[in-house]
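Structure at a glance
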Amino acid sequence: MSAVIISGKDIASRIRAEIKTEIDSLKSRNEGNNDFIPPGLAVILIGDDPGSKIYVRNKRTACSDVGIRSFAYEMDSDVTENQILSLIDQLNRDPNVHGILCQLPLPEHIDEYSIISAISPQKDVDGFHPINKGLLSMGKNCLVPCTPLGCVEMLKISGIEISGKDCVIVGRSNIVGKPLASLMLNENATVTIAHSKTRNLKELCRKADILVAAIGKCGFITGEFIKKGAVVIDVGINRDENNKVRGDVLFDEAVQIAAAITPVPGGVGVMTTTILMKNTLKAYRGIIEKEKQT
Ligand code: NAP
């Protein structure tokens, strides 16, 4: 029997429609109000990495689709850290900007941690700021990294029970594996994080009810890693020898064994940008609420 395909494309378009409806109604309620400021997202792109340029373009298109204003800031790859910090400081104070993200990776001479930490936690729509990371691990309300939140939303919207399930996440990066582990733990899964030094990886993965691959290696997770009837979430985005986009999971094998699986493309990747829109709206609501209280 073949697995149910969890379509990120379908789920994302439903979420985007909800976001658009909320923003449209916000705008119509405020028609004629000169003080009204619509949600706005600032995207900083440093250097000319072609992949980053595509991601930034997709984010701006998503903004325009749902009615979020987007502000693009492009800086040369030889920009100094102080120049970026001063732009972030300006954006932190800009009332038109409710979300700020700096597209990663950064050029080598720029310290990623100092850039991430300079973004106001309230506007940190990527959820990478240490305060948001701390709040997430404490199970508190915060801005959560988009890709892992997208994975959990896909599971929930697909009606897949998380509570009490054994979840194995392969990959321990700060942007995917670790925050996803916190999220799944907060949803009462029993979580194991695996990485390149993990022993008996295949056997470990075969115990998972929910297996997440966030490795960055094309087709690494073969059918042998998957328990019959497991749910498989493929976060990987890789290019194969024919330059086709492929996941970390060998889809043709996995689909025969799993109960449900996310495809690549059309799975987690599409969700990431959609959750960014959701996070921007959440940041906007948080900032507006705070302003009302002062
Ligand atoms: P990363 O920072 O390179 O982390 C990869 C992780 O995989 C590391 O923890 C590494 O272990 C582990 N790993 C590598 N080889 C392994 C092996 N042989 N056995 C077990 N674990 C192994 O990558 P990332 O940023 O998390 O991204 C992972 C993948 O997701 C990439 O394909 C990336 O393009 C994709 N991605 C997709 C989205 C999306 O929107 N869908 C967003 C972000 C990333 P060590 O820590 O021991 O090195």
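Here the residue index of a chain counts from 1 through its sequence in written order. pLDDT decides what is reported in this predicted model: residues at 70 or higher carry local features, side-chain atom pairs at 80 or more are listed and counted, and totals for whole chains, interfaces and linings draw on all residues regardless. No hydrogens and no water enter the side-chain calculation; it runs on all heavy atoms of the structure.

What about the pattern of salt bridges?
- Just to be clear on terms, a salt bridge is a Lys or Arg side-chain nitrogen sitting within 4 Å of an Asp or Glu carboxyl oxygen. Throughout the structure, instances matching the rule amount to nine salt bridges.
- With its nearest N and O atoms 2.9 Å apart, the salt bridge here joins Arg285 to Glu22. Residue Arg285 is located in helix 10 (residues 268-293), and its partner Glu22 is located in helix 1 (residues 8-29); the two are separated by 263 residues in the primary sequence.
- Note that Glu153 and Lys278 form a salt bridge whose closest N and O atoms lie 2.9 Å from each other. On the criterion of sequence distance, the pair formed by Glu153 in helix 6 (residues 146-157) and Lys278 in helix 10 is long-range, its members being 125 residues apart. Put simply, DSSP marks the helices as runs of H or I at least four residues long and the strands as runs of E at least two long, and each gets a number from the N terminus on.

Some points on the side chain of Thr262
- Within the element layout of this structure, Thr262 appears in the loop between strand 11 (260-261) and helix 10.
- Overall, Thr262 belongs to the buried group, its relative accessible area being 1%.
- Of the polar contacts made by the side chain of Thr262, one reaches the backbone nitrogen of Asp234; its length is 2.8 Å.
- With sequence-adjacent residues up to four places away left out, Thr262 is seen in contact with Ile6, Met154, Val232, Ile233, Asp234, Phe251, Gly267 and Val268. Each residue gets one of three labels from its accessible area relative to the maximum for its type: buried under 20%, exposed over 50%, partly exposed in between, using a 1.4 Å probe on protein chains only. Counted as a polar contact is a pair of N or O atoms within 3.5 Å, where, for protein atoms, one must be capable of donating a hydrogen and the other of accepting one, and residues adjacent in sequence contribute only when both atoms are in side chains. The contact definition used throughout considers only heavy atoms, calling two residues in contact when any of these lie within 4.5 Å.

Quick look at the sheet that holds strand 8 (residues 231-234)
- What the six strands build is an open sheet, ordered 1-11-8-7-5-6; its pairing is parallel. One side of each edge strand has no neighbouring strand; the edge strands of this open sheet are strand 1 (4-5) and strand 6 (190-194). We treat two strands as partners when DSSP finds at least two bridges between them.

A word on the nonpolar core
- For our purposes a nonpolar core is just a set of buried Ala, Val, Leu, Ile, Met, Phe, Trp, Tyr and Cys residues, chained together by side-chain atoms within 4.5 Å. Counting residues in hydrophobic clusters, the biggest one holds 52 residues, and the most contacted among them are Met184, Ile233 and Met277.
- Residue contributions to this core peak at eight residues, all from helix 10.
- Residue ranges assigned to each domain were obtained from an automatic or database domain assignment. No fewer than three residues from each of domain 1 (32-120) and domain 2 (146-269) sit in this core.
- With sequence-adjacent residues up to four places away left out, Ile233 is seen in contact with Ile6, Cys151, Leu155, Leu211, Val212, Ala213, Thr262 and Val268.

Notes on the site of the ligand
- Proximity is defined per residue: any heavy atom of the residue falling within 4 Å of a molecule or strand makes that residue near it. Taken together, 22 residues surround the ligand, and among them Arg172, Ser173, Ser196, Ile237 and Thr272 come closest.
- Within the backbone of Val235, a nitrogen or oxygen atom sits 3.4 Å from a nitrogen atom of the ligand.
- With respect to the ligand, the side chain of Asn238 contributes an N or O atom lying 3.4 Å from an oxygen atom.
- Across the complex, the protein chains shield 72% of the 930 Å² of accessible surface that the ligand would expose by itself.
- Among the elements that take part in the shell around the ligand, helix 10 stands out by supplying three residues, more than any other. All accessibility values rest on the Shrake-Rupley procedure with a 1.4 Å probe; residue burial counts only the protein chains present in the view.

Structural notes on the domain arrangement of the protein chain
- Taken domain by domain, the protein chain holds domain 1 (32-120) and domain 2 (146-269).
- Computed from C-alpha atoms alone, the centre-to-centre distance between domain 1 and domain 2 is 29 Å.

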